Amino acid sequence: MPHALLVDDDADNLINMAEVFRKRGFSVTTANSCGAAREALLRDMPQIALVDVNLPDGDGIGLFEGANLADVVDIYLMSDQPSVESAVRGMRLGVADYFTKPVDRQSLDAALSGYVEQQGAAEQDAAAGGRVLLSGASPAMAKFLRMIRMVAGTEATVLLAGESGVGKELAARTIHESSRRRDGPFVALNCGAMTAELIESELFGHEKGSFTGASRAHAGYFARAAGGTLFLDEITEMPVEFQVKLLRVLETRRYFRVGGETEVEVDARLVTSTNRDPATAVQARALREDLYYRIAQFPIRMPALRERGEDVILLAGEFLAEQIARTGVEKRFSEEVLELFRLHDWPGNVRELRNVVARAYILAGDEIAADDLPANIPSGHPSGGDHIRLTVGHSLEDVERRVIFATLEYFSGDKKKAAQALGISLKTLYNRLKKYKLGSVLISGRKLNGRHGNLARNL
């Protein structure tokens, strides 16, 4: 059952809206302030949030700005005094709709009907033959996969934005495999590896004798992707002087081969990617603004691995299974290693995790242990001094475990002081330690029962 969070200080309006949501099959949580909404978001992440822009204790839009929640939740705004400023902020946040209060029940029901239909159509498209090549069960990844399924059945140009190593090419392949063009080719080109002179010939092709060394005709990437999907990786690294030519092709759906005199029609769906913030790339003039609007008909941000909670354990298991299938030799992760995976920031994202698993598999015996991992794992431990850093997407159990880690580290392994700070009994803390098997786990790179004896003795 999908879940909705409704935030408004008008009790009558909350009651009316909740009734509309429930009739559409949603479970509903209501809140009358920013503080109550934050608590509700911590308890149960919704699929949809309908939020009043002006709340007694703060700004409703501010609940989602700068917290990456817009990548997890479909946001609807409402206001009794709509303003241009709030509309612009909402657009930047990617809100799905903006209602004037009191919210019209029919308009809200129509919006929810469209949401439910999109969800159903996406699921049917996936079941009808689309292959999802990406794995993940976290809220951030669930929303990303849902958006991919929604856009896959269209011909919209997609821009995938995300850090290096998150799996943007795999996401592009998933779009292709879930589209009506799935029987056609999927062709990928790294724009950052091409000079302005070379990229024109590679994309459009050239005729024999069109330049020195052109001893035969060459079919470009657009021609090779005919009937399928062309993926232009790292589009913001494309030479700026060539971008105007690509823009013309996207506008006219036609191009000339280098040295050619006959226009060729484009029959390829375009998907692009960047590891830079597109708006920043436009400001830095690394990406033409007019080209940006052409390639970003449907922009999607792909979450980093550190934002995906327990997905890191799921993916590590898949990569280990790949190694076992390749060699036929069974190996397993120790509990210590799994905990280190949870603590690591994964700056190289999924690519880094895959490489770490492959390396550890080669070095390990029957069980992959901490000594089989690179020395930099874990990095970026979530605690620093008297504070702790967490990202959206972690389960409550994972949050509890991380808080225990940070508190124990802060008190140098003194369990009595840690229990007092956590507000639990010493017995409860011991039970948690036993449950999480912390006796063999590292805290900030220090083993609790081994190499660093002082901390081990305190525990």
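Refer to the structure presented above.
Predicted model only: the values in this text are computed from it and were never measured.

**Structural notes on the overall build of the protein chain**
Item 1. Each helix and strand counted, the protein chain has 18 helices and 20 strands in total.
Item 2. Buried residues in the protein chain amount to 48% of all 459 residues.
Item 3. Summarising the internal contacts of the protein chain: among those between residues at least 6 apart in sequence, 70% fall at separations of at least 24.

**Brief notes about the environment of Ala286**
Item 1. Looking at where Ala286 falls in the secondary structure, it is placed in the loop between helix 10 (278–283) and helix 11 (289–295).
Item 2. Distance from Ala286 to Ile235, taken between C-alpha atoms, is 9.5 Å for residues 51 residues apart in sequence.
Item 3. If we skip the residues at most four places from it in the chain, Ala286 touches Thr236, Met238, Val240, Gln243, Arg276 and Ala281.

**Here's the deal with the packing of helix 5 (residues 139–152) against helix 6 (residues 168–177)**
Item 1. Helix 6 packs onto helix 5 with a crossing angle of 40 degrees between their chain directions and a minimal axis gap of 8 Å. Put simply, helix 5 runs oblique to helix 6. In this structure, helix 5 meets helix 6 at a crossing whose hand is right-handed. Residues Phe144, Ile148 and Ala152 of helix 5 pack against Ala171, Thr174 and Ile175 of helix 6.
Item 2. A class-by-class count of the residues in the contact of helix 5 with helix 6 yields 5 nonpolar, 1 polar and no charged.

**As for helix 7 (residues 196–204)**
Item 1. When helix 7 is considered as a whole, its buried residues turn out to be Ala196, Ile199, Ser201, Glu202, Leu203 and Phe204.
Item 2. In this structure, the buried residues of helix 7 make contact with strand 9 (186–190), helix 8 (221–224), strand 10 (229–233), helix 9 (240–252) and strand 11 (254–256).
Item 3. Positioned one or two residues after helix 7, Gly205 has a phi angle of 85 degrees, which is positive.

**Brief notes about the nonpolar core**
Item 1. Counting 33 residues, the largest nonpolar core has Leu203, Phe222, Leu230, Leu232, Met238 and Leu246 as the members making the most contacts within it.
Item 2. Residue assignment for this core shows that the elements contributing at least two residues are strand 9, helix 7, helix 8, strand 10, helix 9, helix 10 and helix 11.
Item 3. Among the elements that take part in this core, helix 9 stands out by supplying 5 residues, more than any other.
Item 4. For Leu232, the residues in contact, after removing those within four places along its chain, are Leu189, Cys191, Leu203, Met238, Leu246, Leu270, Val271, Thr272 and Ser273.
Item 5. Listed in part, the 25 residues of the second largest apolar core include Leu315, Trp346, Tyr361 and Ala370.

**Quick word on the side chain of Thr157**
Item 1. By the secondary structure assignment, Thr157 is in the loop between helix 5 and strand 8 (158–161).
Item 2. Overall, the relative accessible area of 11% leaves Thr157 in the buried class.
Item 3. With sequence-adjacent residues up to four places away left out, Thr157 is seen in contact with Leu270, Arg294, Ile295, Ala296, Gln297 and Phe298.

**Some points on the packing of aromatic side chains**
Item 1. Summed over the entire model, instances satisfying the criterion amount to 10 aromatic pairs.
Item 2. Ring centres of Phe204 and Phe242 lie 5.5 Å apart, and the angle between their planes is 40 degrees; on these two criteria the pair is classed as tilted. Within this pair, whereas Phe204 is found in helix 7, its partner Phe242 is found in helix 9, the two being separated by 38 residues in sequence. Across the pair, Phe242 and Phe204 agree in class, each one buried.
Item 3. When the centroid spacing of 5.3 Å and the interplanar angle of 55 degrees are considered together, the rings of Tyr292 and Tyr293 count as tilted.

**A few points about the sheet that holds strand 10**
Item 1. Ordered in space as 9-10-13-8-14, the 5 strands form an open sheet in which the pairing is parallel. Of all strands in the sheet, those with a lone pairing partner are strand 9 and strand 14 (298–301), marking the two edges. The mean angle between the axes of side-by-side strands here comes to 20 degrees, regardless of whether they run parallel or antiparallel.
Item 2. Here strand 10 pairs with strand 13 (residues 269–274) via 4 bridges, running parallel. Directly across from Leu230, in strand 13, lies its bridge partner Leu270.
Item 3. Strands strand 8, strand 9, strand 10 and strand 13 of the sheet are contacted by helix 6, whose axis makes an angle of about 150 degrees with strand 8.

**Examining the pairing of strand 3 (residues 48–52)**
On a regular strand, each side chain points to the face opposite its neighbour's, so the side chains alternate between the two faces of the sheet.
Item 1. Where burial is concerned, most of strand 3 is hidden: 5 out of the 5 residues are buried.
Item 2. Residue alternation in strand 3 divides its side chains into two sets, Ile48, Leu50 and Asp52 and Ala49 and Val51, and both sets are buried.
Item 3. Bridging between strand 1 (residues 3–7) and strand 3 involves 4 bridges; their strand directions are parallel. Bridge pairing links Val7 to Val51 in strand 3.
Item 4. As paired elements, strand 3 and strand 6 (residues 74–79) share 5 bridges and run parallel to each other. The partner of Leu50 across the bridge, within strand 6, is Tyr76.

**A short note on unusual backbone geometry**
Item 1. Residues Lys101 and Pro102 are joined by a peptide bond in cis, for which omega reads -5 degrees.
Item 2. Relative to the helices and strands, Pro102 is located in the loop between strand 7 (97–100) and helix 4 (105–127).
Item 3. Notably, Trp346 is not glycine yet its phi reads approximately 50 degrees, a positive angle.
Item 4. One can find Trp346 in the loop between helix 13 (335–343) and helix 14 (349–363).
Item 5. Residue classification places Trp346 among the buried positions, given a relative accessible area of 1%.
Item 6. In this structure, Asn349 is a non-glycine residue whose phi angle is positive, near 60 degrees.
Item 7. As for its placement among the helices and strands, Asn349 is situated in helix 14.
Item 8. Take Asn349: its relative accessible area is 0%, and that puts it in the buried class.

Cut-offs used in this document
- Residues numbered from 1 in each chain as written.
- Predicted model: local features only at pLDDT ≥ 70, side-chain atom pairs only at ≥ 80, totals over all residues.
- Heavy atoms only, no water.
- Helix = DSSP H or I, 4+ residues; strand = E, 2+ residues; numbered from the N terminus.
- Buried < 20%, exposed > 50% of the residue type's maximum accessible area, 1.4 Å probe, protein only.
- Contact = heavy atoms within 4.5 Å.
- Axes fitted to C-alpha atoms, helices over the stretch in contact; angles between N-to-C directions.
- Parallel < 35°, antiparallel > 145°, perpendicular 65-115°, else oblique.
- Left-handed = near helix turned anticlockwise from the far one by under 90°.
- Nonpolar A, V, L, I, M, F, W, Y, C, P; charged D, E, K, R; others polar.
- Core = buried A, V, L, I, M, F, W, Y, C linked by side-chain atoms within 4.5 Å.
- Phe/Tyr/Trp six-rings, centres within 6.5 Å; stacked < 30°, edge-to-face > 60°.
- Pairing = 2+ DSSP bridges.

In short, shape yes, function no, at least from these values alone.
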